[in-house]
Amino acid sequence: MTWCITTCNFDIDVDLLFQENSTIGQKIALTEKIVSVLPKMKCPHRLEPHQIQGLDFIHIFPVIQWLVKRAIETREEMGDYVRSYSISQFQKTHSLPEDDEFLQRKDKAVRAVLDVLEVYKPQRKYRRQRDAGELLDEESRVHSTLLEYGRRYGFSKQSKEDKVEEKKASLSSGAQAAPPGMTEVSEEDDLQAAEEMRIKSLMTNMAAMANEEGKLTASAVGQIVGLQSEEIKQIASEYAEKQSELSSEERSERYGPLQQHRRAVASLNKQIQQKTKQLEELRAKHAEVKTGSDEAKRKLMEATEHSERLKKEMKSLEEMEEQADSSLLEKLRSLVTMNENLKQQEQEFRTHCREEMTRLQQNIEELKMASGQDTEEQKERNQLIDKQYDTDREKLQRIRLLMARRNREIAILQRKIDEVPSRAELTQYQKRFIELYSQVSATHKETKQFFTLYNTLDDKKVYLEKEVNLLNSIHDNFQQAMSSSAAKEQFLRQMEQIVEGIKQSRIKMEKKKQENKMRRDQLNDEYLELLDKQRLYFKTVKDFKEECRKNEMLLSKLRAKGAS
């Protein structure tokens, strides 16, 4: 509990090392101080000193659990703080070669981007004449503005639907008056023709810019031909219909009603064949649509199964995520997000380059078809575009290599930073070593006690054996000594000598015992003095660490003020 409180940066005036020879008073004082600190730490559980002293595990366990969780959180916060502080100190005075190279290339890259934007910026080719009438609807104004910059778009969905409704109404009203045999123009063609007519009407009110007056390029010729191609097709079809009607009228005047009836029957048969052909085409389309529908259903089933598998994998990943380290997951998420963003940017850049290359190739093909041969200016422009494309591709490859190198260096630095233990971890290692030393010392002391006990019992055994031998000798010689007075006197003198020797041995042992007792008291006094010095040492080290931390904070503030 004291270790957890110290790790949480809460100070208490106690000896953090566990001592086996602590008295009852010291233990009670320690528990009272721990109980007084817990409310200051906002511990949700209440605890009494007698519960700690009496080992009431039911009430102690939630407090221990809360203290350990708080200690782990404090260690994570301090680890992030120390890591960010070391990175910031490194970046103040040092820089990587890749950073210097990036700063050197930054200006060149910015100039290249500005040059590309300048080359491909929109250029105005036409201007609406002042005497032209004002456009009323917003769509026409938008089309007019786009045409001024050389862009043209198709008709909107709204106008298309309105025109389709009008066309259907006109067809339903004039269906009875339509002559047989006439070719019907599709609704898409009519709407496209109407759109081309509207663009043509807008272009009639346009005037070329001053810098392009008097110069008609191949692109302008191609645009004019493109604008009027649908109109030319429509006029040609109308001319063919009128020609067929005139020829039929002349023939009807030349031949009789029988011939007209035969021609009408042939025309109806031809229409029947056309309708039958259309019916077959519709059936074929229906079969294709049905096949596509079956394929879409099959893909939907596969997608549903794949979605279920993904959900199961997501659940398993979430369970693994709950068991894993949160800080490591956040770092991995940020790195994965950065990687996905870079991939998306790369894909967008590739798509843009492909679209730009396709557009330029189409322009080249159109110019070739319009003029029949390439001019020197177009060749130079194509070479410039190819050169710019190769340069951009090389830049992309260099940027990829630089990004991969930077990711590797970041991973190496991250591993090196993680390998260096923090101050809290070093303190914990020191405490664990001290605890291990205490356990080894206790084991050694117990072993010494066993050895002392063995030696004592062995000495006792020796003395008992001597005593038994003495008693046996007295018993054996007693009858012989009592046979005469001289032997009796000699036996008594020997007994007195034996008793005198035993007394002297006892005096020696008492003296040795007294010496050992005095030596034990002296060593005990030295041990208590060393314990006091040890407590003073740990307290001094703790105060020194606190002062070092304050010194680092003051130095950082002075550096910040000096830098500002």
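Just so we're clear, the structure is a prediction, and the values are computed from it rather than from any experiment.

Parameters and conventions
Residues numbered from 1 in each chain as written. Predicted model: local features only at pLDDT ≥ 70, side-chain atom pairs only at ≥ 80, totals over all residues. Heavy atoms only, no water. Helix = DSSP H or I, 4+ residues; strand = E, 2+ residues; numbered from the N terminus. Buried < 20%, exposed > 50% of the residue type's maximum accessible area, 1.4 Å probe, protein only. Contact = heavy atoms within 4.5 Å. Areas by Shrake-Rupley, 256 points an atom, 1.4 Å probe, with all protein chains shown as cover. Axes fitted to C-alpha atoms, helices over the stretch in contact; angles between N-to-C directions. Parallel < 35°, antiparallel > 145°, perpendicular 65-115°, else oblique. Left-handed = near helix turned anticlockwise from the far one by under 90°. Nonpolar A, V, L, I, M, F, W, Y, C, P; charged D, E, K, R; others polar. Core = buried A, V, L, I, M, F, W, Y, C linked by side-chain atoms within 4.5 Å. Phe/Tyr/Trp six-rings, centres within 6.5 Å; stacked < 30°, edge-to-face > 60°. Expected span 1.5 Å × (residues − 1). Patch = residues over 30% accessible without salt bridge, like charges linked within 9 Å, V, L, I, M, F, W, Y side chains within 5 Å. Salt bridge = Lys/Arg side-chain N within 4 Å of Asp/Glu carboxyl O. pLDDT = per-residue confidence, 0-100. Arc of directions from axis to C-beta. Lys, Arg positive; Asp, Glu negative; His and termini not counted. Charge placed at Lys NZ, Arg CZ, Asp CG, Glu CD.

Enquirer: Residues and numbers for the overall build of the protein, please.
Expert: Per the secondary structure count, the protein includes 14 helices and two strands. Within the protein, buried positions represent 12% of all 564 residues. Of all intrachain contacts in the protein linking residues separated by at least 6 positions in sequence, the fraction that spans at least 24 positions is 72%. Summing over all exposed atoms, the protein offers an accessible surface of approximately 46,400 Å²; the carbon and sulfur share of this is 57%.

Enquirer: Explain the packing of helix 5 (residues 97-119) against helix 12 (residues 376-419) to me, using residue names and the numbers behind them.
Expert: Direction vectors running N to C along helix 5 and helix 12 enclose 150 degrees, while the axes themselves pass 13 Å from each other. The orientation of helix 5 with respect to helix 12, classified from their angle, is roughly antiparallel. Between helix 5 and helix 12 lies a crossing whose hand is left-handed. Across the interface between the two elements, Glu98, Asp99, Arg105, Ala112 and Val116 from helix 5 touch Gln388, Lys395, Arg398, Leu402, Arg405, Arg406 and Glu409 from helix 12. For the contact of helix 5 with helix 12, the per-class residue count stands at three nonpolar, one polar and eight charged.

Enquirer: I'd like a description of the nonpolar core, backed by residues and values.
Expert: Counting 16 residues, the largest nonpolar core has Ile5, Leu38, Met41, Leu47, Val63 and Leu67 as its most contacted members. Elements that contribute at least two residues to this core include exactly helix 1 (2-7), helix 2 (24-40) and helix 4 (57-93). With five residues, helix 4 is the single largest residue contributor to this core. Core analysis: the next-biggest nonpolar cluster, separate from the first, contains six residues, Tyr126, Leu135, Ile199 and Leu202 among them.

Enquirer: Outline the packing of aromatic side chains, supporting the account with residue identities and numerical values.
Expert: One pass over the full model with this rule turns up two aromatic pairs. For the ring pair phenylalanine 478 and phenylalanine 491, a centre distance of 6.3 Å and an interplane angle of 70 degrees mean the geometry is edge-to-face. Of this pair, phenylalanine 478 sits in helix 13 (residues 423-481) while phenylalanine 491 is found in helix 14 (residues 485-563), placing the two residues 13 residues apart along the sequence. Each ring, one from tyrosine 537 and one from phenylalanine 538, has its centre 5.5 Å from the other, and the planes form 65 degrees; the classification is edge-to-face. Looking at phenylalanine 538, the relative accessible area reads 24%, which means it is partly exposed.

Enquirer: Describe helix 2, with residues and values.
Expert: Counting along an α-helix, one turn takes 3.6 residues, and residues three or four places apart therefore face a common direction. Between the first and last C-alpha of helix 2 there are 25 Å, a value that for 17 residues agrees with the 24 Å anticipated at 1.5 Å per step. Looking one or two residues beyond helix 2, the residue adopting positive phi is lysine 42, at roughly 60 degrees.

Enquirer: Could you give me a rundown of a nonpolar patch on the surface, with the residues and numbers involved?
Expert: Taken together, the side chains of Leu426, Tyr429, Phe433, Leu436 and Val440 define a hydrophobic patch exposed on the protein surface, amounting to about 520 Å² of accessible area. Structurally, leucine 426 can be placed in helix 13.

Enquirer: Break down the confidence of the model for the protein for me, with residues and values.
Expert: Across the protein, pLDDT averages 79, with 79% of residues at or above 70. Helix 14 holds the highest mean pLDDT among the elements of the protein, 89, whereas helix 7 (residues 157-173) holds the lowest, 48. This stretch, residues 170-185, has a pLDDT under 50; its non-local contacts, to residues over four places away or in other chains, come to six contacts. Within the model, the stretch residues 210-222 combines pLDDT values under 50 with seven contacts to residues more than four positions away or in other chains.

Enquirer: Lay out the pattern of salt bridges with the relevant residues and their values.
Expert: Tallying each qualifying case throughout the model produces 13 salt bridges. Arginine 105 is paired through a salt bridge with glutamate 101; the nearest N and O atoms lie 2.5 Å apart. Taken together, the residues arginine 105 and glutamate 101, both in helix 5 and four residues apart, mark about one turn of the helix. Given a relative accessible area of 31%, glutamate 101 falls into the partly exposed group.

Enquirer: Residue-level account of helix 6 (residues 138-148), with values.
Expert: Of all the positions in helix 6, only Ser140, His143, Ser144, Leu147 and Glu148 are classed as buried. One side of helix 6 holds all its buried residues, which, seen down the axis, span an arc of 140 degrees.

Enquirer: Requested: an account of the packing of helix 13 against helix 14, with residues and values cited.
Expert: For the pair helix 13 and helix 14, the least separation of the axes is 14 Å and the interaxial angle reads 175 degrees. Taken together, the axes of helix 13 and helix 14 are roughly antiparallel relative to one another. Here Arg423, Thr427, Gln430, Ile434, Tyr463, Leu470, Ile474, Asn477, Phe478, Gln480 and Ala481 of helix 13 lie close against helix 14, whose contacting residues are Ala487, Lys488, Phe491, Met495, Ile498, Ile502, Met509, Phe538, Lys545 and Glu552. Of the residues assigned to the contact of helix 13 with helix 14, the class counts are 13 nonpolar, four polar and four charged.

Enquirer: Before we move on, could you go through the environment of glutamate 32 and cite the residues and values that matter?
Expert: The topology assignment puts glutamate 32 in helix 2. Separated by 18 residues in sequence, glutamate 32 and histidine 50 place their C-alpha atoms 8.9 Å apart.

Enquirer: Lay out the side chain of glutamine 428 with the relevant residues and their values.
Expert: Relative to the elements of secondary structure, glutamine 428 occurs in helix 13. Not counting residues up to four positions away in its chain, the partners in contact with glutamine 428 are Trp3 and Arg75.

Enquirer: Now, about a negative patch on the surface: what can you tell me, with residues and values included?
Expert: Among the surface-exposed residues, Glu73, Glu76, Glu77 and Asp325 lie close enough to one another that they form a single negatively charged patch. Relative to the helices and strands, glutamate 76 resides in helix 4.

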